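# Summary of structural features
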Amino acid sequence: MFYFRGCGRWVAASFIKQQFPLARLSSDSAAPRTPHFDVIVIGGGHAGTEAATAAARCGSRTLLLTHRVDTIGQMSCNPSFGGIGKGHLMREVDALDGLCSRICDQSGVHYKVLNRRKGPAVWGLRAQIDRKLYKQNMQKEILNTPLLTVQEGAVEDLILTEPEPEHTGKCRVSGVVLVDGSTVYAESVILTTGTFLRGMIVIGLEMHPAGRLGDHPSIGLAQTLEKLGFVVGRLKTGTPPRIAKDSINFSILNKQTPDNPSVPFSFTNETVWIKPEDQLPCYLTHTNPRVDEIVLKNLHLNSHVKETTRGPRYCPSIESKVLRFPNRLHQVWLEPEGMDSDLIYPQGLSVTLPAELQEKMITCIRGLEKAKVIQPDRVLLLLPRMECNGAILAHHNLSLPGYGVQYDYLDPRQITPSLETHLVQRLFFAGQINGTTGYEEAAAQGVIAGINASLRVSRKPPFVVSRTEGYIGVLIDDLTTLGTSEPYRMFTSRVEFRLSLRPDNADIRLTLRGYKDAGCVSQQRYERACWMKSSLEEGISVLKFIEFSSSKWKNLIPEVSISTSRSLPVRALDVLKYEEVDMDSLAKAVPEPLKKYTKCRELAERLKIEATYESVLFHQLQEIKGVQQDEALQLPKDIDYLTIRDVSLSHEAREKLHFSRPQTIGAASRIPGVTPAAIINLLRFVKTTQQRQAAMNESPKTDQCLRDADRLQERQL
Amino acid sequence: MRDSKPPLAVICTALCQARSVLSSIPYSYCQSRCARTLKIRSHVARGTTFRYTHLHRAPASLSTLHQPMEAKIFRRWAGRILRLCTRRSSGAPAPGSGATIFALSSGQGRCGIAVIRTSGPSSGHALRILSAARDLPPARHASLRLLSDPRSGEPLDRALVLWFPGPRSFTGEDCVEFHVHGGPAVVSGVLQALGSVPGLRPAEAGEFTRRAFANGKLNLTEVEGLADLIHAETEAQRRQALRQLDGELGHLCCGWAETLTKALAHVEAYIDFGEDDNLEEGVLEQADIEVRALEVALGAHLRDARRGQRLRSGAHVVVTGPPNAGKSSLVNLLSRKPVSIVSPEPGTTRDVLETPVDLAGFPVLLSDTAGLREGVGPVEQEGVRRARESCNFLATVVASVGAQSPSDSSQRLLLVLNKSDLLSPKGPGPRRDLPPHLLLSCLTGEGLDGLLEALRKELAAVCGDPSTGSPLLTRARHQHHLQGCLDALGHYKQSKDLALAAEALRVARGHLTQLTGGGGTEEILDIIFRDFCVGK
């Protein structure tokens, strides 16, 4: 039977609203009344919510299984969204009609664009978010999404059946078993359970398994995954203690005010819900030698730091900062947790010292001399996010001191770029389970997993974002071809084509594809993106065509620092490249064709950005084409690299290829240890296979790779 | 009529495309005429009012403004432009995408004929520039052309050239084959001339095959054979690269790459972490200083390399020694022509005289120098100074009797004792305490074979064995990437936009890592996290 546990009202409401039959009943004789869905999403975190809504937007009847409905949309760690690189991801999630950007535009308390002076390609949209508002808005959105059903329940096991012969993989997932023994069947299953495998919370020398106190964590799902042969690794992370707002002396600290006007995250919003003057400030303070002293003196009380589990190369905790960069002042940002929250999140003070020492350390810091650390409540301490009824870790409880977390993740080289696992057909992984860190990284994977789970059900080709198309593509390509040995975080420096993949043009890059190839984008958003694309193209053509001598430009726009010594005519587009020129001044100089492009502020700003990067992008396009050509060359999915004889490959290359199972020649060439010679041999193999297939089909097909290349060309801007 | 006018943007786009198509077909008659036509047309459209109606009227005015012949040509090109536009919109790969590549396709080392091949949209342009011809030869027919260096106009070789317009070519793109005489100097000269043509670059291993494959030009057996070849090519290039990297240039490149990677990492750190984490003051300024210094070093190196390039020869051999030892006689003997004036009088040669010769299969620049002595006239002293200077940067030194061995041992030294015919057959030989040496008589030619053999060994050590790989080829590649690196660094200076500045450094680093290997993003992140305390 369907098991609702306390949220039946909401679920039912959602059913009635959509006038949708209460889950199709399976006609199998063995389970006559078992509910059946297209897609099941396990986990209601940032990956889970995006995955569930994306699948529903694509038209799949979707079930979101979460341990507690009231934790959906919980911001379990820092109270902020976006940043440099992460802001890019959010724009891309939004371009695919994902949730987090829109919700952030309704829930922020401090909006700021980082890197304003460093060029629009690396602007980082960021906001402090009110946790409570975010959760409320997210739950409202989730529970009002058509085709999406939410159910409370913990998953105990997967239901596995015979694999489909036309795909690779040991077996196929066809549903889940809940902890109460009931079953739910589905065509695809997405696992977004965060740091769920063998999570351990560490404070000082104490270690607790991350599960409810007194409960023996059921490890059914974890065991199933291990039995299936998934390779796991271990990572660690941490979170700072929260400080009572009224115990901080803000008057002596550096105040940071929000932007005016606020820049919204979503392409569909003109502005955010709150006026700049009503927003909350952040404050900056610094550590000092006394903090170092406390950390260094008490290292013996700090098992998290001593453990050999690989932490990131970057400095996640105050301990690692002090150890690796001694005798320096480190920044501490004091961030509001919400409009009416009395808590402050000290960004940069992630710590695993025993609770009493944490407070001692914090009171050494300027402005925090009388700070009250919120003391742990033992009962609440180990409340987990328990979608799997197992060792699931929760950061979500606000009344914790700082603590460290150690957890298992599944090596992401075991999944394809569509986030489906190699081993189990129709099983998708998204979020922290793949070794990433951050809400935005999780959300980005969630959208892709949701879309692909849905496309898999309708037997359509997967929706893969290439490295040349978006940060999402870089994120997933890095994970699936290189794996990760530290919590993977997005940086703009990871992106080869950074100047093309900007926050301003994410809609042009992804919305059109999302609409055509995935069907996850609303008609309204699609039309807006189409209008924007054609307006931009038209504007650029017109700007290219207007040519005057440089002295004439100088007369028209006196403030431009153009050199008048050159006699060649200068295009308006080149004039727009100058820092001191914008569309407004250009339209004043040449009003006739240009005036109409200044009416829409966003259009004018985007034309200016396009002009800034025009010359470099011309060169980058060649490179992008090369990469796309390689990515159009698909490697057969069922190829067994270890035994295949037709390809001459070194043993090392075989093992690397076998583990990562790259889908294209492009991905294969990025795997370290795979030589150019091996790539050529693979190319030959692709060609052979194609010819053999063509001979078998006896149809005069055009070359597959060429067709794919054509498709890619079409996709380009 | 008015109802059917296309939108402004479409016309603008079409005209821009037309312009770019025309500018990609230089030198041809049609083009120059057509360009003029278009120029007039865009002139009409470019009036200050920029009236749409002007644009609309322009094509109609063509037929009245110009001769029928030109109108016909214009129509022909308009047809091509239109085809191009439609092809673009249908999504087929636009012709002429990608850079034009060139490489020595025949075996390396000395051979009768060497084949140099280019592939890509600028192939025809390159052929015209090298053969100084206005027209391309007939397609797929061998024609004899005098190739010359486009910069100096210096003739390189009389060669057979073949023009294969795409798609009926090996790679499916426009291709040119140059069948030149197989001397290393000629091959190197043609390669360097090609490298100087804008839009051309040396091919990476297997790149021709990749292109042929991408354009569906290879059948199975061909790919089979080529896979082996590419394996060999990659291996050879790797070995070549390793050998080069052992040398001085390799150390230089690695040092530069390291500096550049660090500078880039610091700029990247400033972009990714500059706002939220505290980086130390002056991160960017430090990077600026390092990039400037690198620019100076690269510029100096390239200017130096250009001097060698003018000579198009591998090694530099200098004959030096005391006056009247017979240095000039030796030079004349080795070059088999009277390069220097010889006389029994000491101090006849007062300047450095250079002559390119082929020594034991190696291209060599042979220098005769003034005898090293003190206390003579200012002209000869200057000659002596120059002689000493030339010894400082040259690879092989043949020293005649009594020359002091240069203090730094990076130069190779052969000690040759001339005038062996003056030794009485029964009398005492040269002094015992002399270092290893060769005996020679320029007068009788005795000992010449021994000297040539010794020179061959020395040159092989300097230039690499010509039978295993061509240092000339690698040098063209080096030069291409170093120049590319330097050009990119120039853009770094200009950019106020930090993302653009970082892009310039990325491109520059990309060129250097083509020579040194490595170059992943992880390297950058490693440096960022090593040098800065950044994180949550």
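Just above sits the structure.
Scope of this entry: the structure provided in the associated data block. (Residues numbered from 1 in each chain as written. Chains lettered and ligands numbered in written order. Predicted model: local features only at pLDDT ≥ 70, side-chain atom pairs only at ≥ 80, totals over all residues. Heavy atoms only, no water.)

### Focus on the overall build of chain B
Within chain B, the regular secondary structure consists of 16 helices and twelve strands. Taken across its 536 residues, chain B has 47% of its residues classed as buried. Within the structure as shown, chain B displays about 26,000 Å² of accessible surface, and the carbon and sulfur contribution to it stands at 55%. (Helix = DSSP H or I, 4+ residues; strand = E, 2+ residues; numbered from the N terminus. Buried < 20%, exposed > 50% of the residue type's maximum accessible area, 1.4 Å probe, protein only. Areas by Shrake-Rupley, 256 points an atom, 1.4 Å probe, with all protein chains shown as cover.)

### With respect to the pairing of strand β19 (residues 403–410) of chain A
Residue and element names in this part refer to chain A. With eight of eight residues buried, β19 is to be regarded as a mostly interior element. With burial as the criterion, each face of β19 is covered, one bearing Tyr-403, Val-405, Tyr-407 and Tyr-409 and the other bearing Gly-404, Gln-406, Asp-408 and Leu-410. Here eight bridges tie strand β13 (residues 232–239) to β19, and the two strands are oriented antiparallel to one another. In the sheet register, Thr-237 faces β19, and the bridge partner there is Val-405. (Pairing = 2+ DSSP bridges.)

### A word on unusual backbone geometry
Geometrically, the link from A:Asn260 to A:Pro261 is a cis peptide bond, its omega value of 5° lying close to zero. Relative to the elements of secondary structure, A:Pro261 occurs in the loop between β15 (254–256) and β16 (282–286). Of note, the amide linkage connecting B:Gly166 to B:Pro167 takes the cis form, showing an omega dihedral of 0°. Of note in this structure, B:Arg140 is not a glycine but carries a positive phi near 60°.

### Here we look at the packing of helix α2 (residues 46–57) of chain A against helix α12 (residues 439–457) of chain A
All names here are of chain A. Interhelical geometry of α2 versus α12 gives an angle of 30° and a closest axis separation of 7 Å. If you check the angle between α2 and α12, you find them roughly parallel. Seen along the crossing, α2 lies across α12 with a hand that is right-handed. Here His-46, Ala-47, Glu-50, Ala-51, Ala-54 and Ala-55 of α2 lie close against α12, whose contacting residues are Tyr-439, Ala-442, Ala-443, Gly-446, Val-447, Gly-450, Ile-451 and Ser-454. For the contact of α2 with α12, the per-class residue count stands at nine nonpolar, four polar and one charged. (Axes fitted to C-alpha atoms, helices over the stretch in contact; angles between N-to-C directions. Parallel < 35°, antiparallel > 145°, perpendicular 65-115°, else oblique. Left-handed = near helix turned anticlockwise from the far one by under 90°. Contact = heavy atoms within 4.5 Å. Nonpolar A, V, L, I, M, F, W, Y, C, P; charged D, E, K, R; others polar.)

### Re helix α7 (residues 289–297) of chain A
Residues and elements named next belong to chain A. Within α7, the full set of buried residues consists of Val-291, Asp-292, Ile-294 and Val-295. Down the axis, α7 shows its buried residues gathered within 165° of arc, on one side only. The exposed set on the far side of α7, more than 90 degrees from its buried face, consists of Pro-289 and Lys-297. Those residues of α7 that are buried are in contact with α9 (318–324) and α10 (355–362). (Arc of directions from axis to C-beta.)

### Looking at the nonpolar core
A:Ile40, A:Val176 and A:Ile451 are the most contacted members of the largest nonpolar core, which has 101 residues in total. No other element matches the ten residues that α12(A) contributes to this core. Residues contacting A:Ile451, with those up to four places away along its chain left out, are A:Ala54, A:Cys58, A:Leu96, A:Phe463, A:Ala518 and A:Cys520. Counting 50 residues, the second largest nonpolar core, distinct from the first, contains A:Ala121, B:Leu264, B:Ala499 and B:Val534. (Core = buried A, V, L, I, M, F, W, Y, C linked by side-chain atoms within 4.5 Å.)

### Overview of empty space enclosed by the protein
Empty space among the atoms becomes apparent when a probe as large as a water molecule is rolled across them. All told, the structure shown has 15 cavities of 30 Å³ or more when counted by the stated rule. Its boundaries defined by the atoms lining it, the second largest cavity holds a volume of some 100 Å³. Lining the second largest cavity are A:His110, A:Lys112, A:Leu114, A:Arg126, A:Ala127, A:Gln128, A:Gln256, A:Cys282, A:Trp333, A:Glu335 and B:Asp276. At the level of secondary structure, the elements contributing two or more residues to the lining of the second largest cavity comprise β5 (108–114), β6 (124–129) and β17 (331–336) of chain A. (1 Å grid on protein atoms, 1.4 Å probe; cavity = no way out; pocket = protein on both sides within 12 Å on 5 of 7 lines; lining within 4 Å. Points joined across faces, edges and corners; volume = space filled by probe spheres on them.)

### A few points about the environment of A:Glu592
All names here are of chain A. Relative to the assigned elements, Glu-592 resides in helix α19 (residues 591–594). Relative accessible area serves as the criterion here: at 55%, Glu-592 is assigned to the exposed category. Residues Glu-592 and Ser-534, 58 residues apart in the sequence, show an inter-C-alpha distance of 19 Å.

### Details of helix α6 (residues 184–195) of chain B
All names here are of chain B. The first and last C-alpha atoms of α6 sit 16 Å apart over twelve residues, in line with the 16 Å expected at 1.5 Å per residue. Extensive coverage of α6 is indicated by the burial of ten of its twelve residues. Residues Pro-184, Val-186, Val-187, Ser-188, Gly-189, Val-190, Leu-191, Gln-192, Ala-193 and Leu-194 constitute the buried set of α6. (Expected span 1.5 Å × (residues − 1).)

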